[in-house]
Amino acid sequence: MKIKLILSSLILLFLFSNGYSQINSNNYESKGNVDSKFTLKTMSSYPQISLGGAVGLSNIEQKSGISISLFSEIKTESFSFVPQANYWKNDDRNNFEVAGLVRLRFKGGSVEPYVDGGIGINFLTQKINSDNATKVGLDLGGGVDFLVGVNYSIFIDAKYKIIVADPNIKGYSLMGGVKFYM
């Protein structure tokens, strides 16, 4: 069940970003915004889309584990919308989360810090009592984008997570990854 959910989320992210970039490239060609070498003249009025992934460490309820994240970022002039799929696992728990974040970016040349926050739906599994639960969660965090190439950047990201339960499950993750611009 979880594998099907993960695969369907990834397919939807891919189809959305691929279709959106095809629509934008057609708009540029029809409006004369493309020169003879097919390079964009201006792109300031259109959102920029990127796909990325990250791997790192998590500490949930004082137990360490691994974290993995796949996301798409829809970037406008001052903020971004970031739909993402996150997974973390420690000794006795694992969690798959589908979240939506709003990211506020601070311009700074080749180094771009940001803060973000959002909510997600968590599919939490506990090994101790074989309990499976679907819970709402809150993600708060920030990071730094290092713009190292024309088509990609690397980043460091930290998140504080709260899964609403009885009692709440709290923890944080520290990840690093790469983002590819479409």
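The structure presented is a predicted model; accordingly, all values stated were derived computationally and were not measured.

Cut-off values and rules
- Residues numbered from 1 in each chain as written.
- Predicted model: local features only at pLDDT ≥ 70, side-chain atom pairs only at ≥ 80, totals over all residues.
- Heavy atoms only, no water.
- Core = buried A, V, L, I, M, F, W, Y, C linked by side-chain atoms within 4.5 Å.
- Buried < 20%, exposed > 50% of the residue type's maximum accessible area, 1.4 Å probe, protein only.
- Salt bridge = Lys/Arg side-chain N within 4 Å of Asp/Glu carboxyl O.
- Helix = DSSP H or I, 4+ residues; strand = E, 2+ residues; numbered from the N terminus.
- Pairing = 2+ DSSP bridges.
- Axes fitted to C-alpha atoms, helices over the stretch in contact; angles between N-to-C directions.
- Phe/Tyr/Trp six-rings, centres within 6.5 Å; stacked < 30°, edge-to-face > 60°.
- Patch = residues over 30% accessible without salt bridge, like charges linked within 9 Å, V, L, I, M, F, W, Y side chains within 5 Å.
- Areas by Shrake-Rupley, 256 points an atom, 1.4 Å probe, with all protein chains shown as cover.

Chemist: Honestly, the nonpolar core in this entry has me stumped. Any pointers?
Modeler: One recurring pattern in soluble globular proteins: nonpolar side chains tend to sit buried together. Core analysis: the largest hydrophobic core is formed by seven residues, namely A54, F71, V82, L101, Y114, F155 and M175. Core analysis: the next-biggest nonpolar cluster, separate from the first, contains five residues, I60, L124, I163 and I169 among them.

Chemist: Sorry, what's going on with the pattern of salt bridges here?
Modeler: A side chain of one charge can pair with a side chain of the opposite charge when the charged atoms of the two come close. The full count for this structure, using the stated rule, is twelve salt bridges. E97 is the partner of K161 in a salt bridge, and the nearest nitrogen-oxygen pair spans 3.3 Å. With a gap of 64 residues between them, K161 in strand β7 (residues 152-163) and E97 in strand β4 (residues 93-105) connect regions that are remote in the sequence. The class for K161 is buried, based on a relative accessible area of 7%. One network of salt bridges, with partners in common, ties together E73, R103, D116, D145, D157, K159 and K179.

Chemist: Even after reading the chapter, I still don't get the sheet that holds strand β2 (residues 63-75), so can you show me in this structure?
Modeler: What holds strands together in a sheet is hydrogen bonding between their backbones, with the strands either parallel or antiparallel. Strand order in the closed barrel made by the eight strands is β1-β2-β3-β4-β5-β6-β7-β8, with antiparallel pairing throughout. In this sheet, neighbouring strand axes are inclined to one another by 25° on average, regardless of whether the strands run parallel or antiparallel. Summarising the sheet, β4 and strand β5 (residues 111-126) pair through 13 bridges and their orientation is antiparallel. Paired with G100 across the two strands is I119, which belongs to β5.

Chemist: Could you clarify how one ought to interpret the packing of aromatic side chains in this entry?
Modeler: Aromatic ring pairs are described here by two measures, namely the spacing of the ring centres and the angle between the planes. Considering all chains together, one arrives at three aromatic pairs under this definition. Ring plane angle 75° and centroid distance 5.6 Å describe the contact between F71 and F155, whose orientation is recorded as edge-to-face. With F71 in strand β2 and F155 in strand β7, this pair connects stretches of sequence that are 84 residues apart. Just as F71 is buried, F155 falls in that class too.

Chemist: Help me out: how do you make sense of the environment of I66 in this one?
Modeler: Inspection of the secondary structure assignment puts I66 in strand β2. As a C-alpha pair, I66 and S173 span 107 residues in sequence and 8.5 Å in three-dimensional space.

Chemist: Would you mind showing me how to read the pairing of strand β3 (residues 79-89) here?
Modeler: Here is the key point about a regular strand: its side chains alternate between the two faces of the sheet. Relative to β3, β2 is paired through eight bridges, and the arrangement is antiparallel. Looking at β3, one finds that I74 is bridged to F81. Count of turn residues in the β2/β3 antiparallel hairpin: three residues. Linkage of β3 to β4, two consecutive antiparallel strands, is achieved through a turn of three residues.

Chemist: Where do I start with a nonpolar patch on the surface in this structure?
Modeler: On the surface, F79, F81, V102, L104, F106 and V115 cluster together to form a nonpolar patch covering roughly 520 Å² of accessible area. Tracing the backbone shows L104 in strand β4. On the basis of relative accessibility, which here comes to 44%, the residue L104 falls in the partly exposed class.

Chemist: Explain unusual backbone geometry to me, please; I cannot follow it from the model alone.
Modeler: Going from D166 to P167, the amide bond is cis rather than trans, its omega being 0°. With respect to the secondary-structure elements, P167 resides in the loop between β7 and β8 (169-181). Backbone geometry at Q62 places phi at a positive 60°, although glycine is not the residue there. Examined against the element boundaries, Q62 turns out to sit in the loop between β1 (48-60) and β2. Here Q62 falls in the exposed class, since its relative accessible area comes to 71%.

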